[in-house]
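If you want the building blocks of each chain, they are given just below.
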Amino acid sequence: MNVVSTEIMPDDPVVVPEKKAHMDAILDANRDRPGATMLVLTLLQEEFGYVSLPMQNYISEQLKVPLSHIYGVLTFYSSFRMTPIGRHQVNVCMGTACYVRGGPTVIDKLEQVLGVKVGETTEDNRFTLDICRCVGACSQAPVVMIDDDVIGRVKPQDIAKLLRKYE
Amino acid sequence: MVYRAHVLLSSAAEQSGEIEQALLDSLYNLNLQDEVQVLEVATLGNPRLEPQIVVYPEGIQYVKLTPENVQHIVEEHLYKGRLVEDLMYVEEPVEPLPAPSTKEIRVVLRNIGKIDPLNIEDYIAENGYQALAKALTEMTPEEVMEEMKISGLRGRGGAGFPTWLKWSFAQRASGDAKYVICNGDEGDPGAFMNRRVLEGDPHSVIEGMAIAAYVIGAEKGYFYVRAEYPIAINTLRVAIEQAREYGLLGENIFGSGFDFDIEIRMGAGAFVCGEETALMHSIEGKRGMPRTRPPFPAQSGLWQKPTNINNVESYANVPQILLKGGEWFASMGTEKSKGTKTFAIAGKVKRTGLVEVPLGITIREIVYDVGGGILNDKKFKAVQTGGPMGGCIPEQYLDMPVDYETLGKVGSIMGSGGFVVMDEETCMVDIARFFMEFVQDESCGKCVPCRVGTRRMLEILTDICEGRGKPGDIERLEELGEYIRKGSLCGLGQGAPNPVLSTIKYFRDEYEAHIYDKQCPAKVCRKLIEYKIDPDTCIGCTRCARNCPVNCISGEAKEVHVINPDVCIRCGICSQVCPVDAVHIY
């Protein structure tokens, strides 16, 4: 498990007024709904790309749910992140069909082109490379998702060109 | 006003204004303005063919137009009824799409690609919501259940539990509130049936859920859809909204006094949430970990209330069963497995994609008739059914019927319908390792045999794949597999050893080759293979060297290239880019 800093970064949503207002809006809209923890965390993850420890503390106070519960939920589900991500998220599908049809080769090439390992973000904060579970586009295998774009039948030699579109 | 012809005008081209003016002027000059309707649309396809129009009812596409051309088309085609052949778009010859296999029968997929999923009226036009109306106004819950019983529909999520029986448990349970849940957490790698149904025909699932709610007496339903399916979630949102507008969800549906509404909840990337008790924990906002059953969800489910939970495909079948009758549904399939099943054919077949076939069809028919055979006409090796908890079925069972019981007998499962075909270039040990990596990663950690056992199994498999296999490893895997199967709470743990045990059972020789000969017969396991460039074939084009991710290929242009095996990571890119096939695996 990565160690998560308790330090509040200057751009953390809890200290940036506009972001904080946004958080409050999400909390207010959902606090009375059954199963609010998941709803709130999902929406915050969608909005900010991560849920930092200071944010978790704040959610815990607001929803009156123990911090341990929130941390437990965040660490259980793989789509939550506790640290900021790059501007673009590159997810290589590692479902069965993609694996059989060359997913690992695509990862090798991406690691080489981006100069980072899976799970890391490039120094210029442009790309975060990750693998993901089957995206359900198996007939297009191997598949790479960049942000919300699903790119099918990816060939390793085309990857550099593919990335150029995303600044 | 009834028009005799319609002209679609692409507004994508720069000159579309001029074209439109010319079109309208010419029509007016010939007094055709009341007979021909001009509709400005977005692009008509290929931008290189702009400006373009399509004339209906003939559906003729005229391309690369000028205002003069347009006048000519109006005079000839629309006034005199003669086609202007030299301006017509001639399709470049392309390989025709294969005709759908005659072995397919579409029940669940009947509307996919045929209706606009974002328009409820399209669904209603296909007899949509008639089954719900029939159930609410003409049938008692018991009568609906009886029809379901006759149909013999079994859970399409994988376990195959009779749907009517599940409903009857929830109906008989007492509680002040009851829930119905649709399990759309389709996490099996290689499976995308539910995604297609949710994206292409969401109302059929909503209708099925409403009928289930009527039978068990629930007022509230939840869709649990995985976050990886954003399009499905959006389509569902629109569909639910429209159903509410039309009074098909909400209060007093069809004036029957029955109230029902649905809410969508998103998963967050945990495979185990496809297990019903874990899924309910997730909706409650907790870590999605399974719990012991009993109590079953029908007695104590979501928020400890009686809950009925079915898979997307199960619900999608329900409206058709009520409309056409249980007998009709039961006429398809085998004695114990009725109806049709969708399969996501993936892997090394010519035609990958989604199919719906009657249960009882043979594997050979799915692979060769529906799937078109193995890619590049290689040899069939195995098919993996049922996702990561399923098993690999070898060639000798190609003529085996696909139904719940038979698949179970050979060590696999129906699962949700993943159908991944493997050819001779697939290493079965590597595949077993892949699935073990998956379940090990997705094990929620609650049961020790699953949490620790899968990791130990993965370590052994990794050792075997990397040339460190020892005698006794196979037996150890079998032993561990048995413990995990017996000692885990949920389907994930109980099924986790299946891919390993089934591949050991049918492909033991491959395991032995890895362990004793340190060889990978399919030439996949990277530590056991070596790439070499054949000096007689190499033309020195430098492509391999330029594409090598670790720069381990040396050689001048027009000279023979050499791979340094100590640096090479065996990614195989050199072999893929080589124009003369000079890179071979040893």
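Residues numbered from 1 in each chain as written. Chains lettered and ligands numbered in written order. Predicted model: local features only at pLDDT ≥ 70, side-chain atom pairs only at ≥ 80, totals over all residues.

**Thoughts on the overall build of chain A**
Inference 1: Scanning chain A from terminus to terminus reveals seven helices and four strands.
Inference 2: Secondary structure elements of chain A, listed N to C terminal, follow the sequence α-α-α-α-β-α-α-β-β-β-α.
Inference 3: Principal axes of the C-alpha set define a box for chain A whose edges measure 50 × 35 × 25 Å.
Inference 4: Looking at the 167 residues of chain A, the share that counts as buried comes to 38%. (Helix = DSSP H or I, 4+ residues; strand = E, 2+ residues; numbered from the N terminus. Buried ≥ 20, exposed ≤ 12 C-beta atoms within 10 Å, placed from the backbone.)

**Some details on the overall build of chain B**
Inference 1: Secondary structure assignment for chain B yields 21 helices and 18 strands.
Inference 2: Once the C-alpha set of chain B is aligned to its principal axes, its extents read approximately 90 × 80 × 40 Å.
Inference 3: A total of 586 residues make up chain B; the buried ones form 51% of that total.
Inference 4: The long-range fraction of contacts in chain B, counting pairs at least 24 apart against all pairs at least 6 apart in sequence, stands at 72%. (Contact = placed C-beta atoms within 7 Å.)

**Notes on the domain arrangement of chain A**
Inference 1: Here the domain parsing of chain A yields domain 1 (17-76) and domain 2 (88-164).
Inference 2: The distance between the C-alpha centroids of domain 1 of chain A and domain 2 of chain A comes to 29 Å. (Domains from an automatic or database assignment.)

**Quick word on the sheet that holds strand β2 (residues 127-132) of chain A**
Strand-to-strand pairing in sheets goes through backbone hydrogen bonds, with the strands running parallel or antiparallel.
All names here are of chain A.
Inference 1: Taken in spatial order, the four strands of this open sheet run β2-β1-β3-β4, and their pairing is mixed. The open sheet terminates on both sides in strands that have one partner only, identified here as β2 and β4 (149-151). Strand-to-strand twist across the sheet, computed as the mean angle between neighbouring axes with direction ignored, equals 20 degrees.
Inference 2: In this sheet, β4 lies alongside strand β3 (residues 144-146) in antiparallel orientation, the contact comprising three bridges. By the bridge assignment, Met 145 is partnered in β4 with Val 150.
Inference 3: Helix α6 (residues 103-114) contacts β1 (88-93), β2 and β3 of the sheet and is inclined by roughly 155 degrees relative to β1. (Pairing = 2+ DSSP bridges. Axes fitted to C-alpha atoms, helices over the stretch in contact; angles between N-to-C directions.)

**Comments concerning the packing of helix α7 (residues 193-200) of chain B against helix α9 (residues 230-245) of chain B**
Helix-helix packing: each pair is described by the crossing angle between the helix axes and the interaxial distance.
Residue and element names in this part refer to chain B.
Inference 1: Between α7 and α9, the shortest axis-to-axis distance is 8 Å and the interhelical angle comes to 35 degrees. As for the relative orientation of α7 and α9, their crossing is left-handed in sense. Of the residues in α9, those touching α7 at Arg 195, Leu 198 and Glu 199 are Ile 231, Ala 232, Thr 235 and Leu 236.
Inference 2: When its residues are assigned to classes, the contact of α7 with α9 shows four nonpolar, one polar and two charged. (Left-handed = near helix turned anticlockwise from the far one by under 90°. Nonpolar A, V, L, I, M, F, W, Y, C, P; charged D, E, K, R; others polar.)

**Points about the interface of chain B and chain A**
Inference 1: At the interface, 41 residues of chain B touch 33 residues of chain A.
Inference 2: For the side of chain B that touches chain A, the elements supplying multiple residues, two or more each, are α10 (276-283), β10 (340-347), β14 (418-423) and α21 (573-577) of chain B.
Inference 3: With three residues, the single largest contributor to the side of chain B that touches chain A is β10 of chain B.
Inference 4: Broken down by class, the residue content of the side of chain B that touches chain A amounts to 21 nonpolar, 13 polar and seven charged.

**Some details on the pairing of β10 of chain B**
Residues and elements named next belong to chain B.
Inference 1: A large share of β10 lies buried, amounting to eight of its eight residues.
Inference 2: Taken together, the six bridges between β10 and strand β11 (residues 353-358) define a ladder with antiparallel strand orientation. Note on β11: the bridge partner recorded for Thr 342 is Glu 356.
Inference 3: The antiparallel hairpin formed by β10 and β11 contains five residues in its connecting segment.

**Remarks on α7 of chain B**
Inference 1: With six of its eight residues buried, α7 of chain B lies for the most part within the structure.
Inference 2: The set of residues buried in α7 of chain B consists of Met 193, Asn 194, Arg 195, Arg 196, Val 197 and Leu 198 of chain B.

**Digging into the packing of helix α2 (residues 36-48) of chain A against helix α4 (residues 67-76) of chain A**
Residues and elements named next belong to chain A.
Inference 1: Interaxial distance between α2 and α4 falls to 11 Å at its minimum, and their mutual angle equals 60 degrees. The angle between the axes of α2 and α4 places the two elements in the oblique class. Here α2 and α4 pass one another in a crossing that is right-handed. From α2, Thr 37, Met 38 and Leu 41 reach across to α4, where they touch His 69, Ile 70, Val 73 and Leu 74. (Parallel < 35°, antiparallel > 145°, perpendicular 65-115°, else oblique.)

**Points about the environment of Cys 541 of chain B**
Residues and elements named next belong to chain B.
Inference 1: Along the chain, Cys 541 falls in the loop between β15 (531-533) and α20 (543-547).
Inference 2: Residue Cys 541 is classed as partly exposed on the basis of its 16 C-beta neighbours within 10 Å.
Inference 3: Sequence-wise, Cys 541 and Lys 486 are 55 residues apart; in three dimensions their C-alpha atoms are separated by 57 Å.

**Let's talk about the nonpolar core**
Side chains that are nonpolar tend, in soluble globular proteins, to be buried together.
Residues and elements named next belong to chain B.
Inference 1: Residues Met 209, Ile 211, Ala 212, Ala 344, Ile 345 and Ile 366 are the most contacted members of the largest nonpolar core, which totals 183 residues.
Inference 2: In terms of residue count, helix α8 (residues 202-216) provides more of this core than any other element does, ten residues in total.
Inference 3: Setting aside residues up to four positions removed in sequence, Ile 366 forms contacts with Phe 343, Ile 345, Val 357, Ile 361, Gly 371, Val 402 and Phe 419.
Inference 4: Among the nonpolar cores identified, the runner-up in size contains 18 residues, and Leu 9, Ile 19, Val 74 and Leu 87 belong to it. (Core = buried A, V, L, I, M, F, W, Y, C linked by C-beta atoms within 7 Å.)

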